[in-house]
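Commentary on secondary and tertiary structure
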Amino acid sequence: MSQMSIQEYQNAVDKWVKTYGVRYFSELTNLGILMEEVGEVARIMTRTYGEQSFKEEDANPALADELADVLFVTVCIANQTGIDLTAAIEKNLQKKSTRDKERHWNNPKLTGNTGVKPPDNKP
Ligand SMILES: [Mg+2]
């Protein structure tokens, strides 16, 4: 698989569900599955980057696969609720860029200083 747009992925997931999954699980079932998958990501990350450690049998975690699981079920929910994720992502990024334009540059926990202005060439 090379480059795939968000819309192409939404279409591919829809085709997969209708081919192999019979139909979409209900929205609430998919919400539960999303929570499960996020938990699997959390388990790997707390043991890889946090203070927890892996049991011997869990020594080869697949963070990429678990993130893909989160994305898959997220797209299932978008598909079954009629959400165009391309438009939603563009709108969300625009919102974050406007609302948080200087917010993080003014966070001394991030900049190590107070009152630092963002450089002019910052997006
Ligand atoms: Mg998983």
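No experiment lies behind these values; they were computed from the predicted model shown.

**So, the overall build of the protein chain**
- Along its length, the protein chain carries five helices and zero strands.
- Helices and strands in the protein chain line up, N terminus first, as α-α-α-α-α.
- Across its three principal directions, the C-alpha atoms of the protein chain cover 55 × 45 × 30 Å.
- A total of 123 residues make up the protein chain; the buried ones form 5% of that total.
- Restricting the contact set of the protein chain to residue pairs at least 6 apart, pairs at least 24 apart contribute 65%.

**Some details on unusual backbone geometry**
- The phi dihedral of Val 22 is positive, around 75°, even though this residue is not glycine.
- Turning to its location among the elements, Val 22 is positioned in the loop between α1 (6–20) and α2 (27–48).
- The class for Val 22 is exposed, based on 8 C-beta atoms found within 10 Å.

**Overview of the packing of α1 against helix α3 (residues 63–80)**
- The contact between α1 and α3 brings their axes to 9 Å, and the two run at 85°. One finds that α1 runs roughly perpendicular with respect to α3. Taking contact as the criterion, the partners of Tyr 9, Gln 10, Val 13, Asp 14 and Val 17 in α1 are, on α3, Phe 72, Val 75, Cys 76, Ala 78 and Asn 79.
- Split by residue class, the contact of α1 with α3 holds seven nonpolar, two polar and one charged.

**So, the packing of α2 against α3**
- Across the interface, α2 lies against α3 with an axial gap of 9 Å and an inter-helix angle of 160°. As summarised for this structure, α2 and α3 are arranged roughly antiparallel, according to the angle between their axes. In this structure, α2 meets α3 at a crossing whose hand is left-handed. Of the residues in α3, those in contact with Glu 27, Asn 30, Ile 33, Leu 34, Glu 37, Val 38, Glu 40, Val 41 and Ile 44 of α2 are Leu 63, Glu 66, Leu 67, Asp 69, Val 70, Val 73, Thr 74, Cys 76, Ile 77 and Gln 80.
- Split by residue class, the contact of α2 with α3 holds 11 nonpolar, three polar and five charged.

**Notes on the environment of Thr 98**
- The residue Thr 98 is located in helix α4 (residues 85–99) in this model.
- Sequence separation between Thr 98 and Gly 32 is 66 residues; the distance between their C-alpha atoms is 32 Å.

**What to know about the domain arrangement of the protein chain**
- The domain architecture assigned to the protein chain consists of domain 1 (6–83) and domain 2 (88–123).
- Averaged C-alpha coordinates put domain 1 and domain 2 at centres separated by 29 Å.

**Some thoughts on the environment of Ser 97**
- Mapped onto the elements of the fold, Ser 97 is located in helix α4.
- You can call Ser 97 exposed: it has 10 C-beta atoms within 10 Å.
- Sequence separation of Ser 97 and Arg 43 is 54 residues, and the distance between their C-alpha atoms is 31 Å.

**Quick word on the environment of Gln 10**
- Turning to its location among the elements, Gln 10 is positioned in helix α1.
- Residue Gln 10 is classed as partly exposed on the basis of its C-beta count, with 18 C-beta atoms lying within 10 Å.
- C-alpha separation for the pair Gln 10 and Tyr 20, spaced 10 residues apart in sequence, amounts to 15 Å.
- When sequence neighbours within four positions are dropped, the list of residues in contact with Gln 10 reads Val 75, Ala 78, Asn 79 and Leu 85.

What counts, and where the lines are drawn
Residues numbered from 1 in each chain as written. Predicted model: local features only at pLDDT ≥ 70, side-chain atom pairs only at ≥ 80, totals over all residues. Helix = DSSP H or I, 4+ residues; strand = E, 2+ residues; numbered from the N terminus. Buried ≥ 20, exposed ≤ 12 C-beta atoms within 10 Å, placed from the backbone. Contact = placed C-beta atoms within 7 Å. Axes fitted to C-alpha atoms, helices over the stretch in contact; angles between N-to-C directions. Parallel < 35°, antiparallel > 145°, perpendicular 65-115°, else oblique. Nonpolar A, V, L, I, M, F, W, Y, C, P; charged D, E, K, R; others polar. Left-handed = near helix turned anticlockwise from the far one by under 90°. Domains from an automatic or database assignment.

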